[in-house]
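Residue-level structural notes
Chain residues, written in single-letter form:
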Amino acid sequence: MAMRRGGLAVVGAAAAGALAVGMAGTAWAGNADLEMHGSAVLTGDLVEVGVTPRNHGPDAVTGASVRLTSSAALADTQHLPGGCARTGDREVVCDTGPLAVEAPGERLVVPVRLRDRPAEVTLKVDVVWGGGAVDQDRTNDGQRVLVLATGDPYAF
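All values derive from a computational prediction rather than experimental measurement. (Residues numbered from 1 in each chain as written. Predicted model: local features only at pLDDT ≥ 70, side-chain atom pairs only at ≥ 80, totals over all residues. Heavy atoms only, no water.)

Let us look at the pattern of salt bridges. Tallied over the entire structure, the rule returns eight salt bridges. Taking the shortest distance from any N to any O, the salt bridge between Arg-90 and Asp-89 comes out at 3.9 Å. Between Asp-89 and Arg-115 there is a salt bridge, with the nearest N and O atoms lying 3.3 Å from each other. Separated by 26 residues along the polypeptide, Asp-89 in the loop between β4 (84-86) and β5 (91-95) and Arg-115 in the loop between β6 (108-113) and β7 (120-129) bring together distant segments of the chain. Exposure remark for Arg-115: the relative accessible area of 44% places this residue in the partly exposed category. Salt bridges sharing partners connect three or more residues here, namely Asp-76, Arg-86, Asp-89, Arg-90 and Arg-115. (Salt bridge = Lys/Arg side-chain N within 4 Å of Asp/Glu carboxyl O. Helix = DSSP H or I, 4+ residues; strand = E, 2+ residues; numbered from the N terminus. Buried < 20%, exposed > 50% of the residue type's maximum accessible area, 1.4 Å probe, protein only.)

Let us look at the sheet that holds strand β1 (residues 34-43). Pairing between the strands of a sheet is mediated by backbone hydrogen bonds and can be parallel or antiparallel. On the basis of which strands lie adjacent, the open sheet formed by four strands has the order β6-β2-β1-β9 and antiparallel pairing. Of all strands in the sheet, those with a lone pairing partner are β6 and β9 (154-155), marking the two edges. In this sheet, β6 lies alongside strand β2 (residues 46-55) in antiparallel orientation, the contact comprising six bridges. Residue pairing across strands places Gly-50 opposite Val-109, the latter belonging to β6. (Pairing = 2+ DSSP bridges.)

Purely spatial values, then, with no claim about function.
See below:
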């Protein structure tokens, strides 16, 4: 719960700062076309999701956020990598770090524990924040993948 409050405080402070800078007319985040691709493997109650962010530009972004939403409920206890936080019963959000134009960002590997051991799970992977940049092409911001409990990687 403390993370949520802290996150809201950070978002509120960032919004206030953006408003103040915007009022002065000196800040503009630019345009960026962000997309996420990767793969997921389901073994037992663990889904290991690998995501590679990409920015098609025309401007670089200082950071973005990707949301992983599962059709199956998450286990109560999660061991997520730094920069990731559980934001709901079925979702996790992770920071991508800075994204240069036309270069793959750092690959994120996110192990997500599920409450049960489903035979399959549908994952939705989408961009939820683009560093304040305007994304003129939102059609490539989200991907869906059906992952069967075979231990095989499924690409998105």
